[in-house]
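Listed here are the chains, written in short residue letters.
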Amino acid sequence: MNKCHKTLIATAVGLLSVQVSAAGFQLNSQSATGIGRAMAGDAVIADNASVLSRNPAAMALFDETALSLGVVYADIDVSVSDVEGNFAGQDVAFGSEHKAAEAKVIPNFYYINPINDKMAFGVAVFSNYGTGTDLGDLANRTPTISGNAVPLPPPVDLLGNTEVVTINFNTSMSYRVNDEFSFGFGIDAVYGSGTLTRTSDNPQIGSLVDVDADGWALGGIVGVVYEVNPDNRFGLSYRISPKLTAKGDVNYLYTEYNEIDIPIADIAQFAGFHQLTDKFAVHYTAQWTNRSAFDKIVVKDGANGVDQADLKEYHWKDSWFLSLGATYNLTQDWTLRAGVATDQGVVNQHSSLSIPDSDRTWYTTGVSYDLNTKSSVDLGIAFVRGEDVTVLENSNLLAQVPGYNSEISAQTRSNAVYYSVQYNYSF
């Protein structure tokens, strides 16, 4: 095997890790009401049908058929600055990208139908995971040393376009055991799609990886609600996420594969709701995500007799999302919400330029207006602020160039503002 072939193997193995990171990026933006209160109490409040995204058991709290339609506009602000390496003891600058992510529109749909005083049925469409970053411009910029252009290759294997999204189609049932306990379960049909490119204008490097794949997988959710009394209740749910097998075009090291296996993390959450007065309520959520189960990515069904390849091992850590919120009934028609949350990052030992990750803080507010006794409109806004993080990542491509240090450093920051509107109707 020649040196060029070995270089490309190492490069491709390294950059496929970026797609895995993207697949694990969790969204906490399933409804406008939830955004307005920092998702606090979302698994048990049941003030509209969007509770179905968190806990199927909460459908037992509905006496009427409920419908919720919403859309979230996610204005993502990802910055990757001061990307630097080292050649022959001198600092090499590769540039910065201050607009590394595009805004996203995330729709959702929820429907709950009580069958009788014991059972209820519901369907929902929403997203739990998704991300996208584009650092392709950095892959084709000329590096500089002390401000002077130098004929050195950039770390193409770490820079490019990454786009991953999942859509969850859920069908659920609930059963009320008695005045205190209700149980629920649901089936998730998860659709996932993703693209990944790592391409250089340099013909000696060319297109290292070009992925366009999608697929379906089945998962599920179980939940319980305990009502102390009408003003105090608790909810607990566990979402079992599947391993997603995506099929399509996967060009990797001049070999075409047809499948990629991507594990998706399980999610558990506990929520509480307390109506303290006729007008004021507090609520909270503790959400745990099983990131450590995300161990590796596998490509399958390759050409030239290649069956499969394990591309990368990962060392993510489990993460917690903790939120506290409040609701205030201002008038008969107007309801105000606010909340704050802390969101742990998942990167443990291996960080990524393409998927900046850090601990984040959410500051949220929202309002509802009752159009009439049957319908209402919700508005929610969340300001998400991430920490500034120094990322260190090794470039397998640069490791093959004499004199180059394979370690690349950068400063990353990931912020966002979520705007959401939702229409609710009961009948």
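Scoring rules and cut-offs
- Residues numbered from 1 in each chain as written.
- Predicted model: local features only at pLDDT ≥ 70, side-chain atom pairs only at ≥ 80, totals over all residues.
- Heavy atoms only, no water.
- Patch = residues over 30% accessible without salt bridge, like charges linked within 9 Å, V, L, I, M, F, W, Y side chains within 5 Å.
- Areas by Shrake-Rupley, 256 points an atom, 1.4 Å probe, with all protein chains shown as cover.
- Salt bridge = Lys/Arg side-chain N within 4 Å of Asp/Glu carboxyl O.
- Lys, Arg positive; Asp, Glu negative; His and termini not counted.
- Charge placed at Lys NZ, Arg CZ, Asp CG, Glu CD.
- Helix = DSSP H or I, 4+ residues; strand = E, 2+ residues; numbered from the N terminus.
- 1 Å grid on protein atoms, 1.4 Å probe; cavity = no way out; pocket = protein on both sides within 12 Å on 5 of 7 lines; lining within 4 Å.
- Points joined across faces, edges and corners; volume = space filled by probe spheres on them.
- Nonpolar A, V, L, I, M, F, W, Y, C, P; charged D, E, K, R; others polar.
- Pairing = 2+ DSSP bridges.
- Core = buried A, V, L, I, M, F, W, Y, C linked by side-chain atoms within 4.5 Å.
- Buried < 20%, exposed > 50% of the residue type's maximum accessible area, 1.4 Å probe, protein only.
- Contact = heavy atoms within 4.5 Å.
- Polar contact = N/O pair within 3.5 Å; in protein donor to acceptor, adjacent residues only side chain to side chain.

Student: I'm lost on a negative patch on the surface in this one. Help?
Tutor: On the surface, a cluster of negative charge is made up of Asp210, Asp212, Asp214, Asp249 and Glu256. Structurally, Asp210 is set in strand E10 (residues 207–229).

Student: Looking at this structure, I do not really get the layout of surface pockets. What am I missing?
Tutor: Take a probe with the size of a water molecule and roll it over the atoms, and the empty space left behind shows itself. The volume enclosed by the largest pocket comes to roughly 870 Å³. Lining of the largest pocket is provided by 38 residues; of these, Ala46, Asp47, Asn48, Asp370 and Ser376 occupy positions nearest its centre. Residue assignment for the lining of the largest pocket shows that the elements contributing at least two residues are strand E1 (66–87), strand E14 (267–275), strand E18 (319–329), strand E19 (334–343), strand E20 (360–370), strand E21 (375–386) and strand E23 (404–426). Across the lining of the largest pocket, the residue classes tally to 11 nonpolar, 16 polar and 11 charged.

Student: I tried to follow the pairing of E20 on my own but got confused; where do I start?
Tutor: In this sheet, E20 lies alongside E19 in antiparallel orientation, the contact comprising 10 bridges. Of the residues in E20, the one forming a bridge with Arg337 is Gly366. The sheet contact formed by E20 and E21 spans 11 bridges and is antiparallel. The residue of E21 that forms the bridge with Tyr363 is Phe383. The loop that links E20 with its antiparallel partner E21 comprises four residues.

Student: Would you mind showing me how to read the nonpolar core here?
Tutor: Across soluble globular proteins, nonpolar side chains have a tendency to be buried as a group. Within the largest apolar cluster, 23 residues are counted, with the highest numbers of intra-cluster contacts made by Val83 and Phe94. For this core, the elements supplying multiple residues, two or more each, are E1, strand E2 (90–97) and E23. The contact partners of Phe94, leaving out residues within four places of it in the chain, are Val83, Glu84, Gly85, Leu138, Arg141, Pro143, Pro153, Pro154, Pro155, Leu398, Tyr404 and Ile408. Grouped together as the second largest cluster of nonpolar side chains are 21 residues, Ala49, Val51, Ile112 and Ala271 included.

Student: So what exactly am I meant to see when it comes to the pairing of E10 here?
Tutor: As a general feature of sheets, a regular strand has side chains that alternate between the two faces. Two strands pair when backbone bridges link them, and strand E9 (residues 181–199) and E10 are joined in this way by 19 bridges, in the antiparallel orientation. Counterpart to Gly194 in the pairing with E10 is Ala213. Sheet topology places E10 next to strand E12 (residues 243–252); six bridges connect them, and they run antiparallel. For Asp210, the partnering residue across the bridge sits in E12 and is Asn251.

Student: How should unusual backbone geometry be read in this particular structure?
Tutor: When glycine is set aside, most residues are seen to have a negative phi, and most peptide bonds are trans. Here the phi dihedral of Ala46 falls at roughly 60°; this positive angle occurs in a residue that is not glycine. Assessed through its relative accessible area of 16%, Ala46 is described here as buried. At Ser146, a position not held by glycine, the phi torsion is positive, near 55°. Assignment of secondary structure puts Ser146 in the loop between strand E6 (144–145) and strand E7 (148–149).

Student: In this structure, what is going on with the side chain of Thr33? I would like to understand it.
Tutor: Structurally, Thr33 can be placed in helix H2 (residues 32–36). Within polar-contact distance, the side chain of Thr33 engages the side chain of Asn48 at 3.3 Å. Look past the residues within four positions of Thr33 in its chain and what remains in contact with it is Asp47, Asn48, Ser50, Arg337, Ser368, Asp378 and Gln422.

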